[in-house]
Amino acid sequence: MTNSKNLKVGMLGCGVVGSNVARLLHEDSGDFAARSGATLTLAKVAVKNVSAKRDHVPASIITSDALSVVNDPSIDIIIEVMGGIEPAREMLLAAIKNGKSVITANKALLGLHGAELFEAADKNGVDLYYEAAVGGAIPILRPLRESIVGDHVHRVMGIVNGTTNYILTKMDEEGSAFADVLKEAQALGFAEADPTADIEGHDAAAKAAILAGLAFHTRVTTKDVSCEGISKISARDVAVAREMDHVIKLLAIAELTADQQVSVRVHPTLISRQHPLASVRNAFNAVFVEAESAGELMFYGRGAGGAPTASAVLGDLIAIARNKTNGGEGHGESDYAEISIAPLDNVKSRYLIRLDVADKPGVLATVAQLFASNSVSIETVRQSGRGDSAELIVATHSAPESSLKKTVEALAKSDVVKKVESVLHIESSSR
Ligand code: HSE
């Protein structure tokens, strides 16, 4: 095949993902040229530490000046793998204004400033691709954007954070406590030294916003996502879920509510062990999509790591190169639906409430009355004695979050309840 085009690529950042992008661009350049119709050359790479030696990145193309990369008129495509909000946002906007197509793996940036970047890309007639931002290697954004765009998505549920899925898997399979598994995960390099963004659900919330926007053709930002992490999950919570033949997963859920609003949330959730998401173990990610005509779909794979994330970045690079070769342009952001975001208080869910109560006559009746007076219907109650106190495990039918909150407040104030040990969501099976 004759390659008529020679496209120059600039890269911002060269860490775990960037170094794999550079390696694969070097190793597979012939295949990439044949697949895209253009020779792709890594022409400039901006890094913080210019003196570090990097395989497949000659010193002559390394610079500490990111602006010089996005302002270089000979560069056609920018790959942003530096992470963080600034200067990544500023650099991408400059690249777009200079007419360059861009690829980013930056979920935090897209979750907060996606609209600004999409508008700029649209205005300047360039492509903005970001498959690596959610689920690493897993093709999920392009399927939502293209393959099932002729369908109506009802719900997207994802395990989109590998760190928390690793921790919850170990807690489930080994009965360990959260703090012990976190320490072990940090020692093994599976969790960051500062794990806050992962364990408190912030990373998953940014990904939930991106998934919700694509699924429901509506602008959703990270600020629209209700978010609760896994740091309060105890070994007892996990054991109780197991006794119920359920498993606790940190789920990113985006769904259309009965009154046609979009609910987007991240929280620990009990799901049945029969649900396909229950089998997603360790650091793997998966996204489960429920659509009107397609039914149920699941996308599974490695959600992080250098080579898997580079795979998604390179897929975007070839897609952009094909657009440039064939004279096309990728579809911009689709936000025509403008569906409003459902306030969390109105969102309905089933719940599991674990209480430490006094073990004496009338306690169960008092507890049941507190649920009833707040219009929360109980599905099952289980009690196990522990001397003069008992553990009550209450599973509810579906109820609005606001009713559940009032119930929990009333339980916490009640004389018969020593402690509300935990409140967890239970995911109902699909409609
Ligand atoms: N820190 C993320 C995870 C990967 O643990 O899955 C990058 O989003």
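Focus: the site of the ligand
And then number 1: Taken together, K107, N161, G162, T163, D198, D203, K207 and A304 make up the full set of residues adjacent to the ligand.
And then number 2: With respect to the ligand, the side chain of N161 contributes an N or O atom lying 3.5 Å from an oxygen atom.
And then number 3: Contact with the protein chains removes 81% of the 260 Å² of surface that the ligand exposes when unbound.

Quick word on the side chain of N165
And then number 1: With respect to the helices, strands and loops of the structure, N165 is situated in helix α7 (residues 162–174).
And then number 2: We classify N165 as buried; its relative accessible area is 1%.

Quick notes on the nonpolar core
And then number 1: Formed by 79 residues in total, the largest nonpolar core has its most connected members in I78, I140, I167, L211 and V289.
And then number 2: Counting residues per element, this core draws most heavily on helix α10 (residues 202–216), which supplies 10 residues.
And then number 3: Excluding its chain neighbours within four sequence positions, the residues that come into contact with I78 are G10, L12, V69, V70, L92, A95, K100, S101, V102 and I103.
And then number 4: Among the nonpolar cores identified, the runner-up in size contains 34 residues, and A312, V313, L314 and L317 belong to it.

Looking at the domain arrangement of the chain
And then number 1: Taken domain by domain, the chain comprises domain 1 (6–136 + 306–326), domain 2 (154–301) and domain 3 (345–427).
And then number 2: Put simply, the middle of domain 1 and the middle of domain 3, counted by C-alpha atoms, are 51 Å apart.

Structural notes on the sheet that holds strand β2 (residues 38–46)
And then number 1: Strands sit in the order β3-β2-β1-β4-β5-β6 across an open sheet of six strands; the sheet is parallel. With partners counted over all chains shown, the strands left at the sheet margins are β3 (62–63) and β6 (128–129), one partner each.
And then number 2: Where strand β4 (residues 77–80) lies against strand β5 (residues 101–104), four bridges are found, and the strand directions are parallel. Looking at the pairing, I78 lines up with V102 of β5.

Some remarks on the environment of G175
And then number 1: Mapped onto the secondary structure, G175 falls in the loop between α7 and α8 (178–187).
And then number 2: The class for G175 is exposed, based on a relative accessible area of 51%.
And then number 3: Between the C-alpha atoms of G175 and Q369, which are 194 residues apart in sequence, the distance is 34 Å.
And then number 4: Ignoring anything within four residues of it in the chain, the contact list for G175 reads K170 and A235.

With respect to the packing of helix α1 (residues 16–27) against helix α12 (residues 306–326)
And then number 1: At their nearest, the axes of α1 and α12 sit 8 Å apart, and the two run at 60 degrees to each other. Relative to α12, the element α1 is oriented oblique. Once α1 is placed against α12, the crossing between them reads as right-handed. Contact with α1, carried on its side by V16, V17, N20, V21, R23, L24 and L25, involves G306, A307, T309, A310, V313, L314 and L317 of α12 and no other residues of that element.

Thoughts on the packing of aromatic side chains
And then number 1: Inspection of the entire model under this criterion finds three aromatic pairs.
And then number 2: Aromatic pair F284 and Y300: ring centres 5.1 Å apart, planes at 5 degrees, arrangement stacked. Taken together, the residues F284 in strand β11 (residues 284–291) and Y300 in strand β12 (residues 295–302) connect sequence positions 16 residues apart.
And then number 3: The class of F284 is partly exposed, set by a relative accessible area of 23%.
And then number 4: Sitting over the face of the ring of Y129, R145 holds its NZ or CZ atom 5.2 Å from the ring centroid.

A few points about the pairing of strand β15 (residues 389–396)
And then number 1: β15 sits mainly inside the fold: eight of its eight residues count as buried.
And then number 2: Burial of β15 is two-sided: the residues S389, E391, I393 and A395 facing one way and the residues A390, L392, V394 and T396 facing the other way are all buried.
And then number 3: Where strand β13 (residues 348–358) meets β15, seven bridges bridge the pair, whose relative direction is antiparallel. Bridged to A358 within β15 is S389.
And then number 4: Between strand β14 (residues 378–386) and β15, which pair antiparallel in sequence order, lie two residues; one of them, G387, sits at a positive phi of approximately 75 degrees.

The rules we used
Residues numbered from 1 in each chain as written. Predicted model: local features only at pLDDT ≥ 70, side-chain atom pairs only at ≥ 80, totals over all residues. Heavy atoms only, no water. Near = heavy atom within 4 Å. Polar contact = N/O pair within 3.5 Å; in protein donor to acceptor, adjacent residues only side chain to side chain. Areas by Shrake-Rupley, 256 points an atom, 1.4 Å probe, with all protein chains shown as cover. Helix = DSSP H or I, 4+ residues; strand = E, 2+ residues; numbered from the N terminus. Buried < 20%, exposed > 50% of the residue type's maximum accessible area, 1.4 Å probe, protein only. Core = buried A, V, L, I, M, F, W, Y, C linked by side-chain atoms within 4.5 Å. Contact = heavy atoms within 4.5 Å. Domains from an automatic or database assignment. Pairing = 2+ DSSP bridges. Axes fitted to C-alpha atoms, helices over the stretch in contact; angles between N-to-C directions. Parallel < 35°, antiparallel > 145°, perpendicular 65-115°, else oblique. Left-handed = near helix turned anticlockwise from the far one by under 90°. Phe/Tyr/Trp six-rings, centres within 6.5 Å; stacked < 30°, edge-to-face > 60°. Lys NZ or Arg CZ within 6 Å of the ring centre and 35° of its normal.

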